[in-house]
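# Inside the fold
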Amino acid sequence: MRTTDTCLTDTSVVVVGGGFGGLSAACYLAQAGADVELVEKNAQLGGRASRLETNGFRFDMGPSWYLMPDVFERFFGHFDRDVGEYYALNRLDPHYRIFFKDGDRVDITPDREQVIETFESYEPGAGDALREYLAASEEQYSIAMENFVYEDRPRLRDWIDRDVMNAASIGFQLLGTMDEYVAEYFDHPKLQQIMQYTLVFLGGAPKNTPALYNMMSHVDFNMGVWYPEDGIGGVVDSIADLAVELGVTTTLGTEINEITRRQEHFHLEAVGGDVFTPDIVVSGADYAHTEQDLLPSRARQYDAEYWDERTYAPSAFLMYLGVEGDIDPLAHHTLIVPPDWDQHFEQIFDRPTWPDDPAYYLCAPSKTDEEVAPDGHSALFVLVPVAAGLEDTTDIREQYRDFVLGDIAEHTGVDLHGRIVCEELFCIEDFISVYNSWNGTALGLAHTLRQTALFRPPHRSDAVDGLYFAGGYTTPGIGMPMCLISGEHAADAVIKDRSE
């Protein structure tokens, strides 16, 4: 429904929250002629994609994988820009390295034939199975993106049309789970883990994530894993620059603590006393926080019980480490995987506790970007998925930190003891205090069958006219590319409503 003319002239909009969803919505609305002010609680934009700079080290604090470059190209292309005008991309080789905790090690590279040979070495016929799997994944990606991701379908009747019927094969994928789907192609447990690891980025587990998301294998194996110039923070800066070019005004360090509707305008109050009175509000802040903490009870779509009953993506135990010397044999992206990771997923979703044999992720951007660490040093980012809502104290963090450092040394050969020159820990309580994250989830709502597509919270509030939502809680879901698209959907909804 979006139009490129100035259909929102004389309309004022406040976008609350400067994550990818909020930034995206601000850009689309400004292009449509609105007077847009983006108000961000923290001192920098990006939301969870924030940046830490300390002692000569630079860390992307949240997202660190640049996937789905087509989505970013499409976003900038809508504004007659090219990604290359803002930042360069470097394709990683390997895409990532996997250390299995039984001593095995695998590299996934841009060389398709090499990867096929690797699969074949684990299981006769797995090479051909991978070709077949990726061909199906590519087809499903194309269908899904065109019909269910770029096209927002918030109501049941939106799913009853010819396009959806023609794409019925994708719909049937929703009926199964990822572990069932992958098992149809591969018997070897390590190959199954390789094909399912992307679920970490969707906040789910193989047993609770719809098989639809097998399309992420096309993103990984076929489209590649990239590193943007200046990291993910550089992408945030670029979108922020675009927003300024389009006329968006940005106010940092201003936390909204109340949103009310007053006759023809909204009344937004900030901590410290600032007041904003726009015609339209788009919240890119945590959806549950917006509903439960910022809106009066009469203006909420959902009660506290609704939010308590949702399935949340994990939180994360994060370590930002400045290390003296190199950290070979780690790659830019490294995964550490136990032989049986079901226990870790159970300790996230079924019986929440601090995982005692975790699957986790290491990011070493200094392998690619010499600007992120001083000479003779390495930057290392450690992410262990943990259940949202766990008790998170200083003592628990310190104990778990020592456990993780020992696990890294044991399973990768990288001993960090005595070499860490600067260190920051970030966990559940920080997600709550810094990002107003519900229960400390790092990502929002998990992509379970009952929380996919039209079963996610809507972009339009059905309780307050003129209030809209963007971000990972809405469609299409979790991740930087999806949040960019969520901002587009939110802006489309505004434009459609104001045009009627």
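Looking at an unreviewed UniProt entry, the chain carries the name Phytoene desaturase, with the source organism given as Halocatena pleomorpha.

All right, on to the pairing of strand E15 (residues 333-337) then. Burial runs high along E15: 5 of the 5 residues are buried. Side chains of E15 alternate between two faces, with His333, Leu335 and Val337 and Thr334 and Ile336 buried alike. Inspection of the sheet shows strand E6 (residues 96-100) paired to E15 by 4 bridges, in the parallel sense. Bridge pairing in E15 links phenylalanine 99 to isoleucine 336.

All right, on to empty space enclosed by the protein then. Summed over the entire model, instances satisfying the criterion amount to 3 cavities of 30 Å³ or more. Taken as a whole, the second largest cavity encloses approximately 120 Å³ of empty space. As for the second largest cavity, its lining consists of 13 residues, of which Arg58, Phe59, Asp60, Tyr227 and Pro365 are closest to the centre. Elements represented by at least two residues in the lining of the second largest cavity include exactly strand E4 (57-60) and helix H11 (231-245).

Turning our eyes to something else, we now look at the nonpolar core. Judged by nonpolar contacts, the single largest core of 122 residues is most densely connected at Phe20, Phe119, Phe186, Ile194 and Val282. The residues contacting phenylalanine 119, other than those within four sequence positions of it, are Ile108, Ala126, Gly127, Leu130, Phe186, Leu191, Ile194, Met195 and Phe221. Counting 27 residues, the second-largest nonpolar core is a separate cluster that includes Tyr400, Leu405, Val414 and Leu425.

On to helix H12 (residues 287-294). Summarising burial for H12: 7 of the 8 residues are buried, a large majority. For H12, every residue scored as buried is listed here: Tyr287, Ala288, His289, Thr290, Glu291, Gln292 and Leu294. Packed against the buried residues of H12 are strand E10 (256-262), strand E13 (280-283), helix H13 (304-308) and strand E19 (467-469). Between a side-chain oxygen at the N-terminus of H12 and the backbone nitrogen of alanine 288 the separation is 3.2 Å; the capping residue is aspartate 286.

Quick look at the pattern of salt bridges now. All chains considered together, the criterion is met by 20 salt bridges. Note that arginine 58 is salt-bridged to aspartate 369, the shortest N-O span being 3.1 Å. Note that arginine 58 is positioned in strand E4 and aspartate 369 in the loop between strand E16 (360-363) and strand E17 (377-386), a separation of 311 residues in sequence. Classification of arginine 58 by relative accessible area gives buried; the value is 16%. Accessibility expressed as a relative area gives 9% for aspartate 369, which makes it buried. Sharing partners across several salt bridges, the network here consists of Lys101, Asp357 and Asp407.

Here the focus is unusual backbone geometry. A cis amide bond, omega 5 degrees, links aspartate 93 with the succeeding residue proline 94. Checked against the element boundaries, proline 94 lands in the loop between strand E5 (89-91) and E6. Aspartate 328 connects to proline 329 through a cis peptide bond whose omega is 15 degrees. Tracing the sequence through the fold places proline 329 in the loop between strand E14 (315-324) and E15. Of note in this structure, aspartate 230 is not a glycine but carries a positive phi near 65 degrees. Tracing the sequence through the fold places aspartate 230 in the loop between strand E8 (226-228) and H11. Residue aspartate 230 is classed as partly exposed on the basis of its relative accessible area, which comes to 37%. One non-glycine residue, glutamine 263, lies in positive phi territory at about 55 degrees. Relative to the assigned elements, glutamine 263 resides in the loop between E10 and strand E11 (265-270).

Right, let's talk about the domain arrangement of the chain for a bit. Domain boundaries in the chain define domain 1 (12-88 + 229-310 + 456-499), domain 2 (113-223) and domain 3 (312-435). Computed from C-alpha atoms alone, the centre-to-centre distance between domain 1 and domain 2 is 29 Å. Taken together, the contact pairs 15 residues of domain 1 with 12 residues of domain 2. Taken together, the two surfaces of domain 1 and domain 2 that pack against each other cover about 1300 Å², and 66% of this comes from carbon and sulfur. Our enumeration of links across domain 1 and domain 2 arrives at 0 salt bridges. Counting the contacts that link domain 1 with domain 2 gives 2 residue pairs in polar contact (both at pLDDT 80 or more). Elements supplying a minimum of two residues to the side of domain 1 that touches domain 2: helix H2 (69-78) and helix H17 (480-499). For the side of domain 1 that touches domain 2, the residue count by class is 9 nonpolar, 3 polar and 3 charged.

Where helix H1 (residues 20-31) contacts H11, the two axes come as close as 9 Å, and the packing angle between them is 25 degrees. As judged from the angle between their axes, H1 and H11 are roughly parallel. As H1 runs across H11, the sense of the crossing is left-handed. For the pair H1 and H11, contact is made by Phe20, Leu23 and Cys27 and by Ile232, Val235, Val236, Ile239, Ala240, Leu242 and Ala243, respectively. Here the residues of the contact of H1 with H11 sort into 10 nonpolar, no polar and no charged.

A few words now on the sheet that holds E10. The strands making up a sheet associate through backbone hydrogen bonding, with each pair oriented either parallel or antiparallel. With antiparallel pairing, the 3 strands of this open sheet are ordered in space as E10-E11-E12. Unpaired on one side and paired on the other, E10 and strand E12 (275-276) mark the two borders of the sheet. Here 6 bridges tie E10 to E11, and the two strands are oriented antiparallel to one another. Among the inter-strand pairings, isoleucine 256 is bridged to a residue of E11, identified as alanine 270.

One can find aspartate 392 in the loop between E17 and helix H15 (394-412). For aspartate 392, the side chain forms a polar contact with the side chain of arginine 397, separated by 2.7 Å. Among the polar contacts made by the side chain of aspartate 392, one reaches the main-chain amide nitrogen of glutamate 429 at a distance of 2.9 Å.

The rules behind these values
Residues numbered from 1 in each chain as written. Predicted model: local features only at pLDDT ≥ 70, side-chain atom pairs only at ≥ 80, totals over all residues. Heavy atoms only, no water. Buried < 20%, exposed > 50% of the residue type's maximum accessible area, 1.4 Å probe, protein only. Helix = DSSP H or I, 4+ residues; strand = E, 2+ residues; numbered from the N terminus. Pairing = 2+ DSSP bridges. 1 Å grid on protein atoms, 1.4 Å probe; cavity = no way out; pocket = protein on both sides within 12 Å on 5 of 7 lines; lining within 4 Å. Points joined across faces, edges and corners; volume = space filled by probe spheres on them. Core = buried A, V, L, I, M, F, W, Y, C linked by side-chain atoms within 4.5 Å. Contact = heavy atoms within 4.5 Å. Polar contact = N/O pair within 3.5 Å; in protein donor to acceptor, adjacent residues only side chain to side chain. Salt bridge = Lys/Arg side-chain N within 4 Å of Asp/Glu carboxyl O. Domains from an automatic or database assignment. Buried area = accessible area lost by both parts, 1.4 Å probe. Nonpolar A, V, L, I, M, F, W, Y, C, P; charged D, E, K, R; others polar. Axes fitted to C-alpha atoms, helices over the stretch in contact; angles between N-to-C directions. Parallel < 35°, antiparallel > 145°, perpendicular 65-115°, else oblique. Left-handed = near helix turned anticlockwise from the far one by under 90°.

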